[in-house]
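What the coordinates show
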Amino acid sequence: SWLLQQGYMATGYVRSSEPARQLPNARFLTAGNIASLAAQLRARIQQSIEQSELPPRGRAVLLALSIGDKRQLADWWQDLARLGIVHLLVISGLHIGLVALFGAAFGKGLARLVILIRSACNALGFRSPSLELHWLAPVCGVLAAAAYSLLAGFSLPTQRALIAVAVVVTAKLCFRRIQPFVCLVWALALIALLQPLAALSAGFWLSFTAVAVLITWFSPWQSSDSWWPKKRSVSAQLALLVIMSVPLVLFMGRLSWLAPLVNLIAVPWVSLVTV
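Predicted model, so just to flag it, every value in this text is computed and none were measured.

So, the side chain of Gln159
Note on placement: Gln159 falls in helix α7 (residues 156–173). Residue contacts for Gln159: discarding those within four places in its chain leaves Phe154 and Gln195.

Some words on helix α6 (residues 136–151)
Along an α-helix, residues three or four positions apart point the same way, because every turn accommodates 3.6 residues. Here α6 contains 16 residues, and its C-alpha end-to-end distance of 22 Å stays within 8% of the 22 Å for a straight helix at 1.5 Å per residue. Its buried side turned inward, α6 meets α3 (56–66), α5 (93–123) and α7. Taken from the residues just after α6, Gly153 is the one with a positive phi, measuring 90°.

Brief notes about the side chain of Asp69
Following the sequence through the fold, Asp69 ends up in the loop between α3 and α4 (77–83). Residue classification places Asp69 among the buried residues on the basis of a relative accessible area of 9%. Once you skip the residues sitting within four places of it in the chain, Asp69 turns out to touch Gln46, Ala60, Leu63 and Ala64.

Notes on a nonpolar patch on the surface
Taken together, the side chains of Phe106, Leu110, Leu113, Leu116 and Ile117 make up a nonpolar region of the molecular surface, amounting to roughly 500 Å² of accessible area. Relative to the assigned elements, Leu113 resides in helix α5.

A short note on the pattern of salt bridges
Tallied over the entire structure, the rule returns 2 salt bridges. A salt bridge links Asp79 to Arg82; the nearest nitrogen and oxygen atoms lie 2.9 Å apart. In this pair, Asp79 and Arg82 are both assigned in helix α4, 3 residues apart and thus about one turn of the helix distant. Judged by its relative accessible area of 33%, Asp79 is partly exposed.

With respect to a positive patch on the surface
A surface patch of positive charge is lined by Lys108, Arg112, Lys172 and Arg177. The topology assignment puts Lys108 in helix α5.

Thoughts on the packing of α6 against α7
Where α6 meets α7, the axes come as close as 9 Å, and the angle between the chain directions of the two elements is 170°. Looking at the two axes, α6 sits roughly antiparallel to α7. On α7, the residues touching Pro138, Val139, Val142, Ala145, Ala146 and Ser149 of α6 are Thr158, Leu162, Val165, Ala166, Val169, Lys172 and Leu173. Residue composition of the contact of α6 with α7, by class: 10 nonpolar, 2 polar and 1 charged.

Rules and cut-offs
- Numbers given to residues run from 1 along each chain, matching the order in which its sequence is written.
- For a predicted model such as this one, the threshold for reporting local features is a pLDDT of at least 70, and the threshold for listing and counting side-chain atom pairs is 80 or more; totals across whole chains, interfaces and linings nevertheless cover every residue.
- Excluding hydrogens and water, the side-chain values take into account all heavy atoms of the structure.
- Each helix corresponds to a stretch of at least 4 residues labelled H or I by DSSP, and each strand to a stretch of at least 2 residues labelled E; elements are numbered beginning at the N terminus.
- Only heavy atoms enter the contact rule, under which two residues are in contact if any of them lie within 4.5 Å.
- By definition here, a helix of n residues has an expected span of 1.5 Å times n minus one.
- With a 1.4 Å probe rolled over the protein chains alone, any residue whose accessible area is under 20% of its type maximum counts as buried; one over 50% counts as exposed, and the rest are partly exposed.
- Only residues above 30% relative accessible area that lack a salt bridge enter a patch, with like-charged residues linked at up to 9 Å and the nonpolar side chains Val, Leu, Ile, Met, Phe, Trp and Tyr linked at up to 5 Å.
- All accessible areas in this document rest on Shrake-Rupley with a 1.4 Å probe, and a residue is counted as covered only by the protein chains that are shown.
- Throughout this description, the term salt bridge denotes a Lys or Arg side-chain nitrogen within 4 Å of a carboxyl oxygen of Asp or Glu.
- Counted charges follow a simple rule, with Lys and Arg positive, Asp and Glu negative, and His plus the chain ends left uncounted.
- For charged residues, the charge sits on one atom: NZ in Lys, CZ in Arg, CG in Asp, CD in Glu.
- For helices, the fitted axis covers only the stretch in contact; all axes are lines through C-alpha atoms, and the angles between them, taken along N-to-C directions, range from 0 to 180 degrees.
- For classification purposes, angles smaller than 35 degrees are called roughly parallel, those larger than 145 roughly antiparallel, those between 65 and 115 roughly perpendicular, and all remaining angles oblique.
- Note on residue classes: Ala, Val, Leu, Ile, Met, Phe, Trp, Tyr, Cys and Pro are nonpolar, Asp, Glu, Lys and Arg are charged, and everything else, Gly too, is polar.

Now the structure itself:
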């Protein structure tokens, strides 16, 4: 099941001791060559991090959040599970969404810079063509998310998040206001079509259940209490703990009661500082 999810169609073994030799690289731009370039870049990043003067846990966290290499977190994994922060050190929808937001912010700043340069040219008497740049921010966002997904090895969680980002970007480009639940259904349908074997993984059900809980919890309804937004953010952790307890026990076999308290600090710190 795991091999099929990861795209392996067959397994084999070496029957002779003849040394393996590398085939000459093809000169054509193919999907295999692009994947090879991404693998080479990931190997260089891994080598640079491993040769750095960071402490072992620092190197382990950087490897996990940059190229999706979780092997050095093995000795620390049980502690992370007890604290309920495993999801923060595995590249998932949260990280892909953050990178997409940063890419969109970069594209928005770039569009403003182009508009500023065009205004300056017009003020100096130079005629510059008018450009529609509303597409720049969402396109930069989805390109940043795709680059980060490729860097992370294009695992199933990153593919799910990238499809969801593409749904939002498509709605933006079409000037459509898309409701969160509609976006969730579109992402679920597209992932089921493009990656049907993703339904075999526990992460598929856990991620969509968690997102559905958060969308429901943060559904737009008003309260006269000025502290309500902060209270709702805190209570969302408790809602996740209560509602997600059943699928977590079914799929993972454990449940962390410390997760709501720890995540209140860990989520903003890891997301906005570490990532």
